[in-house]
Amino acid sequence: MTAAAPEPKANMGKPVPRYDAVAKVTGRATYGSDMPLDNPAYAFLVTSAIAKGRINSFDLEDAKRVRGVIDIVTHENAPKLKESKLFSNGGYAGTTIQPLKSADIAHDGEIIAVVIAESYEAAREAANRVKVNYSAVTPSASFDSQGTTKAAAKGQNAQFKEDPKVGDFAKAFDEAEVQLTASYETPTQHHNPMELFSTSCAWMGDTLVIYEPSQYVYGLKNGVAEQLGIDADKVRVVNPYVGGGFGSRGSMTPRTAIIAGIAKRLNRPIKLVPTRDQGFTIATYRAETRHEIKLGASRDGKLVALRHEGAEVSSRADPYCVGGTKTTTRLYACPNVDSLVSIVRADRNTPGFMRSPPEVPYLFALESAMDELAVKLNMDPVELRRINDTTNEPIGGKPYTSRSLMACFDEAAKAFGWAQRSAAPKSMSDGDWLIGYGCAATCYPTQMAPAAARVRLQRDGRTRVEIAGHEIGTGAYTILAQTAAERLGVPLEKVAVFIGDSDLPPGPVAGGSNSTASTCSAVMMVCDQVRQRLFKALMPNESLADKAKETVGMGQTPSTEAARSDRPLDLEKAFDALGAGVVEEYGEWKPEGAPLDSFKAMHSGHARLVGGAAMKDKIAYAFGAEFVEVRVNRFTHEIRAPRLVGAFAAGRIMNPRTARSQLMGGLIWGMSSALLEATEIDERTARYVNDNFADYLVPVNADVPGVEVILLSEQDDHINPAGAKGLGELANVGTNAAICNAIYHATGQRIRKLPVRLENIEV
Amino acid sequence: MSDISSSQSSGFDRRAFMAGAAGSALVPLTARATAQEARAPAVQDPALPVDVTLRVNGQDKRLSLDARTTVLDALREHLKLTGSKKGCDHGQCGACTVLIGDRRVVSCLTLALAAEGQEITTVEGLATNDRLHPMQQAFVDNDAFQCGYCTPGQIMSAIACVKEGHAGTDADIREYMSGNICRCAAYPNIVAAVKQAAPEIVKG
């Protein structure tokens, strides 16, 4: 057994290798642009060189002379497309800015032409020969630019329902023995999944097949159908493998319907592979945010007042926001809480979900402020969290379904060696290196969405599981196979899993860390249906419910342990009794509290996530604690993070191997969000500057010498049948604060603006 | 560039190719439209196909290619070997890494014509009779990937890293594997995989 496959603790599945491991190491895993097409034409995008204004004219003569050019599509001759509403407002789209609709330009890098040619090389050549005459208007780039507008998020974004508050914050803060007011900033960041934002479209008669990396094949299918004005049954999205998502592929981008429309007109398959830099402007991103935190506490560390005000940038067209106050106002016990989230509109493309969208920026602010408060109180920051730990969230008083925050702190502190820390800043060093230890809490809402599945069981035990889930690197294939094998009592190697295809039963968007809970709960339910049919054949006179319960633990929650194969069905006998060779069942599962229109919405590709803080009489979150060591060179100010240690509790762990890998990647993402990642914007032109992998810094192997993940055993019977909380977005939260807290410890300098680079250190 | 003169057709010659390549270097590879007027006219239409034979995974493949075609696009678009991935097309991410001879190269920055006559090995050429290469097996054992998109490039790079003698310490592995970006950040597991496979690869 390797470090990659931790020994399972209680309420954890087996750390089996990935279902898709061999396909991925042999190059046989097929991603969107790997799909073979019959005689494709190649598309290359031309994107806007200004952020605001109009196109006066194109000069296409030079471009059209390039051998192999078939067509150049601009707003003057583009296929007409219908509008789609913003994902956050009940639609499919990540932006309502529809390129090629008019001569108007709303942001830098907007698609303004598509060159179609016989080869990729010719399309690229011609695209570079497209000349554009613009009338440019001075754009507003970000917070400090002239011409932006600012307004409260509430009332303009349907997903942002309230600014949480309770008690009398102003009075309590005024009267608090210890007060802290601090402002924080987080930068623009881009997902930069390794797979580019490719799209291949092929029509067969009036049916469209789309090969595209997507985190929501049902959303994309229905969204493209809506834009093209055709029946959704005529659109199929296929992507058995997705080369990373991180939120960038959850909502529809404008490129897909454009390419589909052109392919239809040309009557030929089209393959588009945009460039890395185009990915910065044709999809979404994490917008820059600003925060003011006010904390009031008693001398013994009890929070008495907390206020979190956040501001986020969005586009002129769309009121996107992440609104993380729903989490930061509920994390700690505090009787007087106030909050406000505002949206600032600038001439930018519309931002969107990026891994832990609300928690990464909002917990950076809160968890930095908690550390500052601990310093003011002369208190160990771990103890400050312990003093303010709670079993009920303070806004509505609802109980957490389970909460292992302090257990995570204690486990991680032990593994890290927190006790060896000397509390005073600048008190630890190693030669030229100042050493700092820092920590922070992480949490992420437990979310679920309706999901459907089909399960087919053969007499010989071979099983086929079908659900339109998504393999974005999370291990979806693997845990679905494990779930079915356990639930049916068949060997794992007999289970075949089919996901990533909108012709399969609808699964949820692979976002909000809901996939494992939702898809596994659906598959468990349908496996039970299969078993029930076999039971009925074997035991026609028994009370089905009683017998089923007794024999395989049906109806128990979470029932996976009980359903293990220790008492397997005799399949041969059962199938003989049934008089059939195959049992196939289809079922639709929805979580507790799902809205009435859930199943309808599921089929039409509308995400209906429930859970987290929005549950009726309870609140469900996964928790963790993260400890980091930073080293700051006292002469060069170089900052390194040699050790990242995280302990996490997230309900049932389906597979400790895939769980550990996701959390490990998350910790590294968290470090990166503190020290490396920022998309630089030219304030004068509202254009992204560092839109490539050489200048947009993401971690490489040499950046992460030591990462340790500790999985805590936790059982939660109040969330979903699978008992899983979801952990894909848990580990990259709070890390940014932990790093800044460690930098303070190393240098005595408090840094409140990310990312921290060596030029920000003033030792 | 010394080996590209072997097979020519369509009136292609090396002098014209070099001039064309120099000219195209002025053209940004991205499609940001510019108002810039002045562009040197190509000496010869580079879209005219050129015959080339690539030796890939031990087999000769005869192709007729646009002279600007990279090894990566030749593999993916013309030979249907889609294991090698396009992640940036700028040599910045390493997803397209293949071996040319024993050397690891980013196939997105290598023109197919420049690779003629050399042994190209891709991820598809590693496993023999369904038996995984030790590095592939080590990646499976150590869960050295998540989404898998960078994995073919990581594996090719890792094999070269060992053969170069750069797998002696964890720090060396980290340094010499830093040309391959893994956005899922499976890095510690990649280091463990390289360590596991190294002795077997060194042994041959």
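Model, not experiment: these values are computed from the prediction.

Visitor: Break down helix H5 (residues 217-228) of chain A for me, citing the residues and quoting the values.
Guide: All names here are of chain A. The first and last C-alpha atoms of H5 sit 16 Å apart over 12 residues, in line with the 16 Å expected at 1.5 Å per residue. Of all 12 residues that make up H5, 12 are buried, and the element is covered over most of its length. Along H5, the residues that are buried comprise Val 217, Tyr 218, Gly 219, Leu 220, Lys 221, Asn 222, Gly 223, Val 224, Ala 225, Glu 226, Gln 227 and Leu 228. Its buried side turned inward, H5 meets strand S10 (207-211), strand S11 (235-238) and helix H6 (255-266).

Visitor: How would you summarise the interface of chain A and chain B if you had to cite specific residues and measurements?
Guide: Each partner contributes to the interface: chain A provides 66 residues, whereas chain B provides 60 residues. Contributions of two or more residues to the side of chain A that touches chain B are made by helix H1 (21-26), strand S1 (41-47), helix H3 (120-128), strand S6 (131-136) and helix H17 (656-675) of chain A. Counting residues per element, the side of chain A that touches chain B draws most heavily on H17 of chain A, at 7 residues. Class assignment of the residues belonging to the side of chain A that touches chain B gives a composition of 38 nonpolar, 18 polar and 10 charged.

Visitor: Just give me the short version of the sheet that holds strand S2 (residues 59-66) of chain B, but keep the residues and values in it.
Guide: Residues and elements named next belong to chain B. In spatial order, the strands read S2-S1-S5-S3-S4; together these 5 strands make up an open sheet with mixed pairing. The sheet terminates laterally at S2 and strand S4 (103-106), the two strands that pair on one side only. Ignoring strand direction, the axes of neighbouring strands in this sheet form an average angle of 40 degrees. Note that strand S3 (residues 97-100) and S4 share 4 bridges and pair antiparallel. When the sheet's bridge partners are listed, Thr 97 is paired in S4 with Val 106. Its contacts with the sheet place helix H4 (residues 151-163) against S3 and S4, and it is angled at close to 40 degrees to S3.

Visitor: Account for the environment of Gln 146 of chain A, with residues named and values stated.
Guide: Residues and elements named next belong to chain A. Inspection of the secondary structure puts Gln 146 in the loop between S6 and strand S7 (149-152). According to the C-beta neighbour criterion, Gln 146 is exposed, with 7 such atoms within 10 Å. Taking the C-alpha atoms as reference points, Gln 146 and Ala 346, 200 residues apart in sequence, are found 9.3 Å from one another.

What counts as what
Residues numbered from 1 in each chain as written. Chains lettered and ligands numbered in written order. Predicted model: local features only at pLDDT ≥ 70, side-chain atom pairs only at ≥ 80, totals over all residues. Helix = DSSP H or I, 4+ residues; strand = E, 2+ residues; numbered from the N terminus. Expected span 1.5 Å × (residues − 1). Buried ≥ 20, exposed ≤ 12 C-beta atoms within 10 Å, placed from the backbone. Contact = placed C-beta atoms within 7 Å. Nonpolar A, V, L, I, M, F, W, Y, C, P; charged D, E, K, R; others polar. Pairing = 2+ DSSP bridges. Axes fitted to C-alpha atoms, helices over the stretch in contact; angles between N-to-C directions.

Fair warning: the whole summary comes from geometry, so function is off the table for now.
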